[in-house]
Amino acid sequence: MAEPSPRSDPAVSGAQPQETDRLRDLLLAPGYLKLLVFCALLGIPVSLAAFWFLVGLHELEHVLWADLPQSLGWGTPPWWWPLPLFLVSGVVVGLAAAHLPGGAGHAPVSGLHTEGTSPRALPGVVLAATASLPFGAVLGPEAPLIALGGGLALLFRDLARAPATVQSTALLGAAGAGAAIAAIFGSPLVAAVLLIEVAGVGGPRLFAVMLPALLSSGVGALVFTGFGRWTGLETGSLRLKLSSPFPRLDAGDVFWSLLLAVAIAFVMHLALAAGRLVAAYVRTGVRVRTVLCALGAATCAALYTLFTGRSPADVASSGQATLSELTADPHSWGVGALLAILLFKGIAYALCLGSLRGGPIFPALFLGAATGALLAPLPYLGLVPAMAAGMAAAIASTLRLPVSSVVLVALLLGSPDMMPVVILAAVVAFVTTELLPKTLRRRTGRRSRPMDKSAGTTG
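Residues numbered from 1 in each chain as written. Predicted model: local features only at pLDDT ≥ 70, side-chain atom pairs only at ≥ 80, totals over all residues. Heavy atoms only, no water.

Re the overall build of the protein chain
For clarity, the threshold we go by: In DSSP terms, a helix is any run of H or I states spanning at least four residues, a strand is any run of E spanning at least two, and both are numbered starting from the N terminus. Whether a residue is buried, partly exposed or exposed follows from its accessible area with a 1.4 Å probe, protein chains only, as a fraction of its type maximum: under 20%, in between, or over 50%, in that order. Note on contacts: a residue pair is in contact if any heavy atoms of the two residues lie within 4.5 Å. Note on areas: Shrake-Rupley, 1.4 Å probe, and residue coverage restricted to the protein chains presented here.
Along its length, the protein chain carries 16 helices and zero strands. Buried residues in the protein chain amount to 53% of all 459 residues. Looking at the protein chain alone, contacts between residues at least 24 apart form 81% of all its contacts between residues at least 6 apart. Summed over its atoms, the accessible surface of the protein chain is roughly 19,400 Å², and 68% of this surface lies on carbon and sulfur atoms.

Structural data, given as structure tokens:
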């Protein structure tokens, strides 16, 4: 007897219209339609705030790491340059975490959160991020941007005297976060996919959360792109200019990419485990211990320069600019330089994850790409597939968001040619992470809980 099709199954056929009716009723609700309009308008100020925030960080970083050393007579920063900058960063972040509402945001090692940040916590978040990222913290701007977008969304809600319900807080927080994420990644698609995985919801609730976020991020991307072209100012570009053309994949690329993904997943989660230990250490004495961890990261950058003769900026900061340099001319990095930057930047990354303020994505991207460049001379492994697989594996194992990892790396590469190894590396790294012992794989991306709201509030 033939099996009944899903459409003829009463249980299935009854469930589908019910879900459809619930979604239709939700979309036609007057309050929800008003919320969509509000989120579309919300994307404009949030994206403008994100634009100027990123411009400020980018310009201040250029002043501290390029203009100031050159004005003092150095072509590149000397080996000791990170020490005073990280000292300032540690002092400001420690004081902000101890005394300002919200603890200046959560420690980056606890992952990404789409919950709306309290407007009272925004000054601390902005101050700590400004004191961390341009001064050399081995972190990216995505977590402060998400907090900024969500916090501004709730602030505008309060100014408009809209009802402060649990549902509106969740929806507006996601909408503000979507506009801010679109600003840094330059794509509403990345924002939408990232929010889907971070929120971890499904069914009608998924549509309820994602439609405002997608609409707001689309408007925000339009404003952000147009405003950047009009002013001529820069926030930093994610587009990579690879030195080699995209090759045709072969069996060797696939085989080595799978092994590379397993190794990177294990190493990245060791770094995250170390970051959690650092966060626990800092929590009991935030003012002093934040400074000590910041100086430890600065020491890593200084030692890298002493060993290699290269700029300490390679280790310091998110790695976004250094990633562009690496992909444009990977052969200018010798084996010793690649080993040194993987060691010192990896240690500095773990220290910053638990002490300063920022996001975990961009340093992970760089570490994955550098690992791929180091291992590219393996037999039958190409440079471009190795770096593509390395980036995908590093992001998937760090955030535990495999789809977002694939979309982000595809955006960086700007071509679908490497998609097979990118997808395989992301999936293998994600599965490897899930199979690691629980002590090594606490959540860092999907629906992460803040480590402790009281963390960083005591000295």
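Side note on a nonpolar patch on the surface
How we decide: Like-charged residues are merged into a patch within 9 Å and nonpolar side chains (Val, Leu, Ile, Met, Phe, Trp, Tyr) within 5 Å, provided each residue has over 30% relative accessible area and no salt bridge. By definition here, a salt bridge exists when the distance from a side-chain nitrogen of Lys or Arg to a carboxyl oxygen of Asp or Glu is within 4 Å.
On the surface, V63, L68, L72, W74, W79, W80, L303, L306 and F307 cluster together into a nonpolar patch covering about 850 Å² of accessible area. Only α2 (30-71) and α10 (286-308) provide two or more residues apiece to the nonpolar patch. Looking at which element gives the most residues to the nonpolar patch, the answer is α10, with three residues. Looking at the element boundaries, L303 is found in helix α10.

Quick notes on the pattern of salt bridges
Summed over the entire model, instances satisfying the criterion amount to three salt bridges. Of the charged contacts, one joins R400 and E434 as a salt bridge, the two residues approaching to 2.2 Å between their closest N and O atoms. A residue pair is termed long-range when its members are at least 10 positions apart, and R400 in the loop between α14 (383-399) and α15 (402-413) and E434 in helix α16 (residues 419-435) qualify at 34 residues.

Topic: the side chain of R157
Tracing the sequence through the fold places R157 in helix α5 (residues 142-159). Ignoring sequence-local partners within four residues, the contact set of R157 consists of F38, A162, P163, A164, T165, S168, T169 and L172.

Quick look at the packing of aromatic side chains
Condition: Working definition: a ring pair exists when centres of Phe, Tyr or Trp rings (six-membered ring for Trp) sit within 6.5 Å. Plane angles under 30 degrees give stacked, over 60 give edge-to-face, the rest tilted. Geometrically, a lysine NZ or arginine CZ counts as sitting over a ring once it is within 6 Å of the ring centre and also within 35 degrees of the ring normal.
Under the definition given, this model contains seven aromatic pairs. Grouped by ring-pair contacts, the aromatic residues W74, W80 and W81 constitute a single cluster. A cation sits over an aromatic face here: R310 above W333, 3.9 Å from the ring centre. For K345, the ring lying beneath its charged end belongs to F366, and the centroid distance is 5.4 Å.

Section: the environment of I44
Within the secondary structure, I44 sits in helix α2. In the structure, I44 is positioned 135 residues away from A179 in sequence and 8.3 Å away in space, judged by C-alpha atoms.

A few points about the environment of G149
Inspection of the secondary structure assignment puts G149 in helix α5. A C-alpha to C-alpha distance of 8.5 Å links G149 and A174, two positions 25 residues apart in sequence. G149 has contacts with V46, G176, A177 and A180, leaving out every residue within four places of it along the chain.

Here's the deal with α5
Note the cut-off: A helix is expected to reach a length of 1.5 Å times the quantity of its residues less one.
Relative to the 26 Å expected for 18 residues at 1.5 Å per residue, α5 spans 26 Å between its end C-alpha atoms, a close match to the ideal helical length. In terms of residue burial, α5 counts as a mostly covered element, since 14 of its 18 residues are buried. Just downstream of α5 lies R161, where phi reads positive at about 60 degrees.

Some words on the nonpolar core
For the record, the criterion: In these notes, a set of buried Ala, Val, Leu, Ile, Met, Phe, Trp, Tyr and Cys residues joined through side-chain atoms within 4.5 Å is what counts as a nonpolar core.
Core analysis: the biggest nonpolar cluster contains 128 residues, and F185, L326, I361 and L365 have the highest contact counts within it. Beyond its immediate sequence surroundings of up to four residues, I361 is in contact with L112, E142, F185, I395, L399 and L408.

What to know about the packing of α14 against α15
Definition in use: Convention adopted: a line fitted to C-alpha atoms gives each axis, helices being fitted over their contacting stretch, and angles between N-to-C directions are expressed from 0 to 180 degrees. Note: crossing handedness is left-handed where the near helix turns anticlockwise from the far helix by less than a right angle, and right-handed where it turns clockwise. When residue character is reported, Ala, Val, Leu, Ile, Met, Phe, Trp, Tyr, Cys and Pro are called nonpolar, Asp, Glu, Lys and Arg charged, and the others, Gly included, polar.
Where α14 contacts α15, the two axes come as close as 9 Å, and the packing angle between them is 145 degrees. The crossing of α14 and α15 is right-handed. Contacts between α14 and α15 involve A388, M391, A392, I395 and A396 from the first element and P402, S405, V409, L412 and L413 from the second. The residue makeup of the contact of α14 with α15, split by class, is nine nonpolar, one polar and no charged.

A short note on the side chain of D314
Relative to the elements of secondary structure, D314 occurs in the loop between α10 and α11 (320-328). Ignoring anything within four residues of it in the chain, the contact list for D314 reads Y304, T322, W333, I341 and K345.

Points about the confidence of the model for the protein chain
Note the following rule: Across the chain, each position has a pLDDT score giving the predictor's confidence in that residue, from 0 to 100.
Looking at the protein chain as a whole, its pLDDT mean stands at 80, while 77% of the residues score no less than 70. With pLDDT under 50 throughout, residues 1-15 is counted as low confidence; its partners more than four residues away or in other chains account for four contacts. A low-confidence stretch, residues 440-459 stays under pLDDT 50, and its non-local contacts, those more than four residues away or across chains, total 66 contacts.

Quick word on unusual backbone geometry
Backbone geometry places Y380, a non-glycine residue, at a positive phi of 65 degrees. Here Y380 shows up in the loop between α13 (361-375) and α14. The phi torsion at R400 lies on the positive side, around 60 degrees, for a residue other than glycine. We classify R400 as buried; its relative accessible area is 3%.

Points about the state of the cysteines
Our working rule: Note on terminology: pairs of cysteine sulfur atoms within 2.5 Å are recorded as disulfides.
Using the criterion set out here, one finds zero disulfides in the structure. C300 forms no disulfide, and the closest cysteine sulfur to it belongs to C352, at a distance of 8.6 Å.

Thoughts on the packing of helix α9 (residues 251-283) against helix α12 (residues 335-355)
For clarity, the threshold we go by: To sort the angles, those under 35 degrees are grouped as roughly parallel, those over 145 as roughly antiparallel, those from 65 to 115 as roughly perpendicular, and the leftovers as oblique.
The contact between α9 and α12 brings their axes to 7 Å, and the two run at 45 degrees. Comparing their axes, α12 and α9 come out oblique. Along this stretch, α9 crosses α12, giving a crossing that reads as right-handed. Residues M268, A271, L272, A274, G275, V278, A279 and V282 of α9 form the contact with α12, whose participating residues are Y349, A350, L351, L353, G354 and S355. In terms of residue class, the contact of α9 with α12 is built from eleven nonpolar, three polar and no charged.

Describing the environment of I361
In this fold, I361 is placed in helix α13. As a C-alpha pair, I361 and G111 span 250 residues in sequence and 9.5 Å in three-dimensional space.

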